[in-house]
Amino acid sequence: MSLGSRFFKKKHPIDSPDESTSNFSSSYKGGLKGFLIRGAGWSVFARITTTGLSFVISILLARLFSVKDYGGYQYIMGWSALLNVPAGLGLAEVITREVASSSGDNRLDRVEGIVKFSYISVLVSSFTIAAIVALIITAYPGREWELFPYFLLSLLFLPIQSCLGVSGAIQTGQKKIVLGSLPLLVNFSLFAGTLVTIWAFIPVNDLKIDSIIRIKIICAIVALALALVLAYRSLKLKEITTDYKPTIEAVTWLKAGLSLVLMAEMHTINNQADILMLGISAGSENVGIYHAATRLAFLLNFALAAVLVPMKPLISEFFASGQMERLQALVTRTTRLVFTITLLIALVYIVFGNKLLTLLYNPQYASGATALSILTVAQLFNVGMGPVAAILVMTGNEKVAAVGVMISTGINVSLNALLIPRFGIQGAAFATGTSFVVWNTLLMWETRRRLRLHPTIFGKLF
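Residues numbered from 1 in each chain as written. Predicted model: local features only at pLDDT ≥ 70, side-chain atom pairs only at ≥ 80, totals over all residues. Heavy atoms only, no water.

### Considering the packing of aromatic side chains
Thought 1: Following the criterion strictly, the structure yields four aromatic pairs and no others.
Thought 2: Seen from their ring centres, Y70 and Y365 are 6.0 Å apart, and the 85° between their planes marks the pair as edge-to-face. Of the two residues, Y70 sits in helix 4 (residues 67-87) while Y365 sits in the loop between helix 14 (324-360) and helix 15 (369-384), which places them 295 residues apart along the sequence. Taken individually, Y70 and Y365 each receive the classification buried, so the pair is uniform in this respect.
Thought 3: Three or more aromatic residues joined by ring pairs form one cluster here, namely Y70, Y361 and Y365.
Thought 4: One residue, R295, lies across the ring of F298, its end atom 5.2 Å from the ring centre. (Phe/Tyr/Trp six-rings, centres within 6.5 Å; stacked < 30°, edge-to-face > 60°. Helix = DSSP H or I, 4+ residues; strand = E, 2+ residues; numbered from the N terminus. Buried < 20%, exposed > 50% of the residue type's maximum accessible area, 1.4 Å probe, protein only. Lys NZ or Arg CZ within 6 Å of the ring centre and 35° of its normal.)

Quick look at the structure:
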């Protein structure tokens, strides 16, 4: 028996709705509904855990650092997130899509090809970007900038995070949701545990930004080692040596990835433009206060993000097999459930935002309550529009999604530049919230026009 028949013996064909539905039920205990429930259940657990740990980390850092140093650290992490997107070449979504479809068709030559090509490509791009940026900022005349050495140190994140993204995408494409998110859980747990130890035993005045960055890098390396082992054991690439040669479609994958890079970069700018422009125009202290508000607002997106993990390969399969009614039902029910959960949290933020910031961080951060309310309304609108970006990407319309993000990013950057000097963190919140509304509205209309899907909470009613 060949490796292909052994490894993918539970093939899930997508040639027709009836055959797909039948074989899915026999291949996965509980059928489609069971897979989605289990995948969403674990994803919700992982999302809640990582979000909770992220809050613990942000609260500990805010209490250990001064407001200015906390803002400086988050400013550096914002630049790191911005650089990490091009380093990954947009291949994560391509990997998920290719592994899911090729595994279902028993095309292990394509699976091996996309995996090996992706690891090599992201390593080359990560080290290249890190070297170029290091040379640029080293030659920059303003080397007295106090955050300069910390920024250089943070460049080490690029190859680590890029390879973590590839490993996670491989597991997601194989519908191994638990294995895909396990390294991330380990990473957050190690970092949070280390910070708790520091908080308990090291005086606050002895804590330095570079020490925290080094600890964060070590935790990420441990997580990457685990991710590589899991991917190796899952794919068993060492046994694929005799039956075929790997199929590598470098041009096709890179072209698809470039569209996704553009969209992801624009999306990251939408998420980081306020932090970065506040750091440039208003200083690290305002960044610290604003970041505390954004951490709370980020919670509003956790339910949608958790459910999207098992949904993505299903969106691709349903679309490829022409099961549009099932896809519509899946999207509508999921969007309504997620919106209900998000609305309850949003009401708490709007009413008790000031007290929450004071309780969780300290009274210095309470001035971010207005910004929190603005971001809350925008995130609620985002959830109500449905998973429009994921739908477009997983159905091969990533270029459309990229155009929408470009438009909203232009609005975001322009409004931040206009409003931050006059209104500070409230202006940043309004600019970012407006960009979210524009982006999701555009993608919603394109989803309806191109796919005849109604992704919002209203379903086919609107």
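The discussion continues.
### Here we look at the side chain of Q323
Thought 1: Tracing the backbone shows Q323 in the loop between helix 13 (302-320) and helix 14.
Thought 2: Looking at Q323, the relative accessible area reads 4%, which means it is buried.
Thought 3: In this structure the side chain of Q323 is engaged in a polar contact, spanning 3.0 Å, whose partner is the side chain of R326. (Polar contact = N/O pair within 3.5 Å; in protein donor to acceptor, adjacent residues only side chain to side chain.)

### What to know about the packing of helix 8 (residues 157-173) against helix 10 (residues 209-235)
Thought 1: Between helix 8 and helix 10, whose axes approach to 9 Å, the crossing angle comes to 30°. Crossing geometry of helix 8 relative to helix 10 is assigned as left-handed.
Thought 2: Along the lines of polarity and charge, the residues of the contact of helix 8 with helix 10 split into 16 nonpolar, four polar and one charged. (Axes fitted to C-alpha atoms, helices over the stretch in contact; angles between N-to-C directions. Left-handed = near helix turned anticlockwise from the far one by under 90°. Nonpolar A, V, L, I, M, F, W, Y, C, P; charged D, E, K, R; others polar.)

### So, a nonpolar patch on the surface
Thought 1: A grouping of V348, I350, V351, F352 and V377 is seen on the molecular surface, where their side chains present a nonpolar patch of about 440 Å² in accessible area.
Thought 2: Considering every element that reaches the nonpolar patch, the biggest residue donor is helix 14, with four residues.
Thought 3: Its location among the elements puts V351 in helix 14.
Thought 4: A residue is classified by how much of its surface remains accessible, and V351, at 57% relative accessible area, is exposed. (Patch = residues over 30% accessible without salt bridge, like charges linked within 9 Å, V, L, I, M, F, W, Y side chains within 5 Å. Areas by Shrake-Rupley, 256 points an atom, 1.4 Å probe, with all protein chains shown as cover. Salt bridge = Lys/Arg side-chain N within 4 Å of Asp/Glu carboxyl O.)

### Considering the environment of I420
Thought 1: Residue position: I420 is located in helix 17 (residues 398-423).
Thought 2: Its relative accessible area of 4% is what places I420 among the buried residues.
Thought 3: Measuring from C-alpha to C-alpha, the distance between I420 and A431 comes to 8.7 Å, with 11 residues separating the pair along the chain.
Thought 4: Among residues more than four places away in sequence, those in contact with I420 are D274, M277, L278, S281, L415 and A428. (Contact = heavy atoms within 4.5 Å.)

### Observations regarding the pattern of salt bridges
Thought 1: All chains considered together, the criterion is met by three salt bridges.
Thought 2: Note that D210 is salt-bridged to R214, the shortest N-O span being 3.1 Å. With a gap of four residues between them, D210 and R214 both fall in helix 10, about one helical turn apart.
Thought 3: Assessed through its relative accessible area of 43%, R214 is described here as partly exposed.
Thought 4: Note that E446 and R450 form a salt bridge whose closest N and O atoms lie 2.9 Å from each other. Of this pair, E446 and R450 both sit in helix 18 (residues 425-451), four residues apart, roughly one helical turn.
Thought 5: Given a relative accessible area of 22%, E446 falls into the partly exposed group.
Thought 6: The exposure class of R450 is partly exposed, given its relative accessible area of 42%.
Thought 7: Among the ionic contacts, a cluster of salt bridges with common partners joins E446, R449 and R450.

### A short note on helix 14
Thought 1: The end-to-end C-alpha distance of helix 14 is 45 Å, clearly below the 54 Å that 37 residues give at a rise of 1.5 Å each.
Thought 2: F352 marks the point of greatest bend in helix 14, at about 85°. (Expected span 1.5 Å × (residues − 1). Bend = angle between axes of the 7 residues up to and from the residue.)

### A short note on the environment of I218
Thought 1: Considering the arrangement of structural elements, one finds I218 in helix 10.
Thought 2: Spatially, the C-alpha atom of I218 lies 8.8 Å from that of F191, the residues being 27 residues apart in sequence.

### A word on the confidence of the model for the protein
Thought 1: When pLDDT is averaged along the protein, the result is 80; 82% of the residues meet or exceed 70.
Thought 2: Mean pLDDT values over the elements of the protein span from 36, in helix 1 (residues 3-7), up to 93, in helix 15.
Thought 3: Across residues 1-30, confidence stays below pLDDT 50; counting only partners more than four residues off in sequence or on other chains, it has 55 contacts.
Thought 4: Scored below 50 in pLDDT, residues 237-242 shows 10 contacts in the model against residues more than four places distant or in partner chains. (pLDDT = per-residue confidence, 0-100.)

### Some details on the side chain of T409
Thought 1: Examined against the element boundaries, T409 turns out to sit in helix 17.
Thought 2: Judged by relative accessible area, which is 4%, T409 ranks as buried.
Thought 3: If sequence neighbours within four positions are ignored, T409 has contacts with M266, I269 and N270.

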